[in-house]
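Examining the three-dimensional arrangement
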Amino acid sequence: MFIFQGGMSSSEELSPETMQQSMNKWMAWIEQLRKAGKYVAGEPLMLGGKCIEGKERVITDGPFAEGKEVVGGFFIVNAENYDEALALAQDYPDFDLDGKVQIRQIMKM
Amino acid sequence: MQPPSSSQVNHLIEHLFRRESGKMIAVLTRLLGFDSFEVAQDIVQDTLLKAMVTWSYGRLPDNPSAWLYRVAKNRAIDHLRRERNFQKIGSAYSQQLQQDLKVDPAINDMFLDNEIQDSQLRMMFACCHPFIPVESQIALVLKTLCGLSVHEIANAFLTTHDAVTKRIYRAKEKIIQQKIQLEVPPANLLNSRLQTVLQSLYLLFNEGYNSSHPEQLIREDLCEAAMRLCQILSEQTFTNIPETRAFLSLMCFQFSRFQSRVDDKGNIVILKYQDRSLWNRAFIQRGFDYLNAAAEGNHFSAYHLEAAIASLHAAAPSFDQTDWKTVYHLYDILYTLKPGPVVALNKAIASAYAVSRQAALDSLTQIQGLENHYLYYASLGEMYLELNKKEEAKKYFTRAKALTGSRIEQSLLQKKITECN
């Protein structure tokens, strides 16, 4: 699973042109993964959210203040191992926008 | 969720976001009032952001434009509902909205194609209001109608982010102070107001045609923006005056040469050496069509003359076979309409080929007001070089090179300097 942090969804003052270019790159990336049979699913996440924690069940607006840390969405991809997953993540389009990809293996029961 | 197929990706028109954002801002500004154009911009920005995030993950709607308008419209309606004070809403719609809280029919109408165009037209007149300083007019047109960010505008005009923000701020001040409305001016003011709009678009095209940007000689996007907006003027009966068509003609002719003006290494190719087979025939044809359509009545403008001059270049099979006598004659008339050193410079250059190099040189040396303009010295250099006076030529080319900030122009001038050795 690729978990995307920061990047396009957190950038401020993107011009329409930049937004469309970024989007085109994402679409091309998904297309490429899909053609290689690696793409399984993916969803963007809405900005904002809620957090509930502790015995007291304290509700907060969550640790979403830092734009760079916000999780913008995720992909599930087919990869044999971490090396392959790392290779697939090379084309993540938002590295230039200071985006980050967290790569985790989904545990199969 | 199904990821997008490549055909869907290709289906997204180039610059769709930029184009639609300009239109959406115009429509929403009409809905919310000109003094709320920034709210309209924020709504459009949010809409595009939402589109970017969801579409990126493969949720491309069947009709992307319609999706954008729907989301933007709903957000605008939410905004209106939140605004309890309907007085704040500009234009004739405030009353309508006050009387009838079922706002949707009135708003829906604004999203019809012809109404979108009408909103853009109103927006053009409002942005180019004579109370707003010219610099601010252009910044406002680019920001609202053309969907450029402050950063992109600053980049296009070689200025800072702050300077552009200030220009827009000054425009906003005037809009509020003078209560400028988003409307087409009344018939008695229409002509003079239209002239201001055309002039602003002319400056916009000019900046794109010969950009002051250090790395980019031509900013096609700026030229396209000017052409697209002028096209709207030509599609509405009351703004489709001969000048509008003449200006469109001029832009088509100039645009037709873009491909040949820079070689594959990014160097400038001057008119004399351009590969004329690269000139875009379709644009030349459109140029002639608009020029014919502009020849109506007995009124002619500077746009007519400039378009006619451009047409002579477009029609010439080669530089030497250009009808220089007529070009010179037209510049002569243009000078009476638009006296100024830049026209005088062009007239002098034309005289080099219509009369003689010496005549051109004599006229050039008499021009005043271009002492800081590289093109003036470059032209002097060229004339001296053609008269085989290499030492003088070199002196002027060197001076010209020091005055231009464009890397591409500097490299052309360096080549000329080398030629003089």
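Each value, and the rule that gives it
Residues numbered from 1 in each chain as written. Chains lettered and ligands numbered in written order. Predicted model: local features only at pLDDT ≥ 70, side-chain atom pairs only at ≥ 80, totals over all residues. Heavy atoms only, no water. Contact = heavy atoms within 4.5 Å. Buried area = accessible area lost by both parts, 1.4 Å probe. Salt bridge = Lys/Arg side-chain N within 4 Å of Asp/Glu carboxyl O. Polar contact = N/O pair within 3.5 Å; in protein donor to acceptor, adjacent residues only side chain to side chain. Helix = DSSP H or I, 4+ residues; strand = E, 2+ residues; numbered from the N terminus. Phe/Tyr/Trp six-rings, centres within 6.5 Å; stacked < 30°, edge-to-face > 60°. Buried < 20%, exposed > 50% of the residue type's maximum accessible area, 1.4 Å probe, protein only. Lys NZ or Arg CZ within 6 Å of the ring centre and 35° of its normal. Axes fitted to C-alpha atoms, helices over the stretch in contact; angles between N-to-C directions. Parallel < 35°, antiparallel > 145°, perpendicular 65-115°, else oblique. Left-handed = near helix turned anticlockwise from the far one by under 90°. Nonpolar A, V, L, I, M, F, W, Y, C, P; charged D, E, K, R; others polar. Core = buried A, V, L, I, M, F, W, Y, C linked by side-chain atoms within 4.5 Å. Pairing = 2+ DSSP bridges.

Brief notes about the interface of chain A and chain B
Taken together, the contacts link 27 residues of chain A with 33 residues of chain B. Of the roughly 2500 Å² buried between chain A and chain B on both sides combined, carbon and sulfur atoms contribute 65%. Connecting chain A to chain B are one salt bridge. Note that R18 of chain B is salt-bridged to E17 of chain A, the shortest N-O span being 3.7 Å. Here chain A and chain B share four residue pairs in polar contact (both at pLDDT 80 or more) between them.

Here we look at the environment of G73 of chain A
Take G73 of chain A: it is sitting in strand 5 (residues 71-77). The spacing of G73 of chain A and Q5 of chain A is 68 residues in sequence and 7.7 Å in space, taken between C-alpha atoms. Not counting residues within four places of it along the chain, the set of residues in contact with G73 of chain A comprises F2, I3, F4, E43, P44 and L45 of chain A together with Y57 of chain B.

Notes on the packing of aromatic side chains
Geometry of an aromatic ring pair is reported as the spacing of the ring centres plus the angle between the planes. A complete count under the given rule lists 33 aromatic pairs over all chains for this structure. Between W26 of chain A and F75 of chain A, the aromatic rings sit 5.9 Å apart at their centres with planes inclined by 90 degrees, giving edge-to-face as the arrangement. Of the two residues, W26 of chain A sits in helix 1 (residues 16-35) while F75 of chain A sits in strand 5, which places them 49 residues apart along the sequence. Looking at F75 of chain A, the relative accessible area reads 0%, which means it is buried. Ring geometry for F255 of chain B and F283 of chain B: centres 4.8 Å apart, planes at 45 degrees, overall tilted. Of this pair, F255 of chain B sits in helix 13 (residues 242-256) while F283 of chain B sits in helix 15 (residues 281-294), placing them 28 residues apart in sequence. On the accessibility criterion, F255 of chain B (10% relative accessible area) is buried. Each member of the aromatic cluster is reached from another via a ring pair, and the members are F2, F4, W26, W29, Y39, F75, Y92 and F95 of chain A together with Y57 of chain B. We note R257 of chain B situated over the ring of W279 of chain B; from NZ or CZ to the ring centre the distance is 6.0 Å.

Some thoughts on the packing of helix 7 (residues 113-127) of chain B against helix 12 (residues 220-235) of chain B
Residues and elements named next belong to chain B. Running from N to C, helix 7 and helix 12 point in directions that differ by 110 degrees, and their axes come no closer than 10 Å. Considering their axes alone, helix 7 and helix 12 lie roughly perpendicular with respect to each other. Every pair of crossing elements has a handedness; the one defined by helix 7 and helix 12 is left-handed. Listed contacts from helix 12 to Q117, Q120, L121 and M124 of helix 7 are L229, I232, L233 and E235. In terms of residue class, the contact of helix 7 with helix 12 is made up of five nonpolar, two polar and one charged.

Digging into unusual backbone geometry
Positive phi, normally seen in glycine, also occurs at R57 of chain A, with a value near 50 degrees. Inspection of the secondary structure assignment puts R57 of chain A in the loop between strand 3 (51-53) and strand 4 (58-60). Residue R57 of chain A is classed as exposed on the basis of its relative accessible area, which comes to 54%. Phi is positive for N388 of chain B, which is not a glycine, with a value near 65 degrees. Within the secondary structure, N388 of chain B sits in the loop between helix 20 (374-386) and helix 21 (390-403).

Some thoughts on the nonpolar core
By size, the foremost hydrophobic cluster in this structure holds 123 residues, and its most contacted members are F2 and F75 of chain A together with F34 and W55 of chain B. Top contributing element to this core by residue count: helix 3 (residues 37-56) of chain B, with ten residues. Setting aside residues up to four positions removed in sequence, F2 of chain A forms contacts with W29, G73, F74, F75, V77, A85, L88, A89, V101, Q102 and I103 of chain A. Residues A348, L361, Y374 and F397 of chain B belong to the second largest nonpolar core, which totals 24 residues.

Quick word on the pairing of strand 6 (residues 100-103) of chain A
Residues and elements named next belong to chain A. What you see with strand 6 is a clean split: V101 and I103 sit on the buried side and K100 and Q102 on the side with no burial. Note: strand 1 (residues 2-5) against strand 6, four bridges, orientation antiparallel. Along strand 6, the bridge assignment pairs I3 with Q102.

Remarks on the packing of helix 16 (residues 302-315) of chain B against helix 17 (residues 324-337) of chain B
All names here are of chain B. Look at helix 16 against helix 17: their axes get within 10 Å of each other, and the N-to-C directions meet at 165 degrees. Classified by the angle their axes make, helix 16 and helix 17 are roughly antiparallel. The handedness of the crossing between helix 16 and helix 17 is left-handed. Residues A302, L305, E306, A308, I309, L312 and H313 of helix 16 lie in contact with helix 17, whose contacting residues are W324, T326, V327, L330, Y331, I333, L334 and L337. Counted by class, the contact of helix 16 with helix 17 contains twelve nonpolar, two polar and one charged residues.

A few points about the side chain of S22 of chain A
With respect to the element layout, S22 of chain A can be found in helix 1. Among the residues examined, S22 of chain A registers a relative accessible area of 9% and is labelled buried. Setting aside residues up to four positions removed in sequence, S22 of chain A forms contacts with M8 and D94 of chain A together with M52 of chain B.

Note that all results are geometric; they support no functional claim without further evidence.
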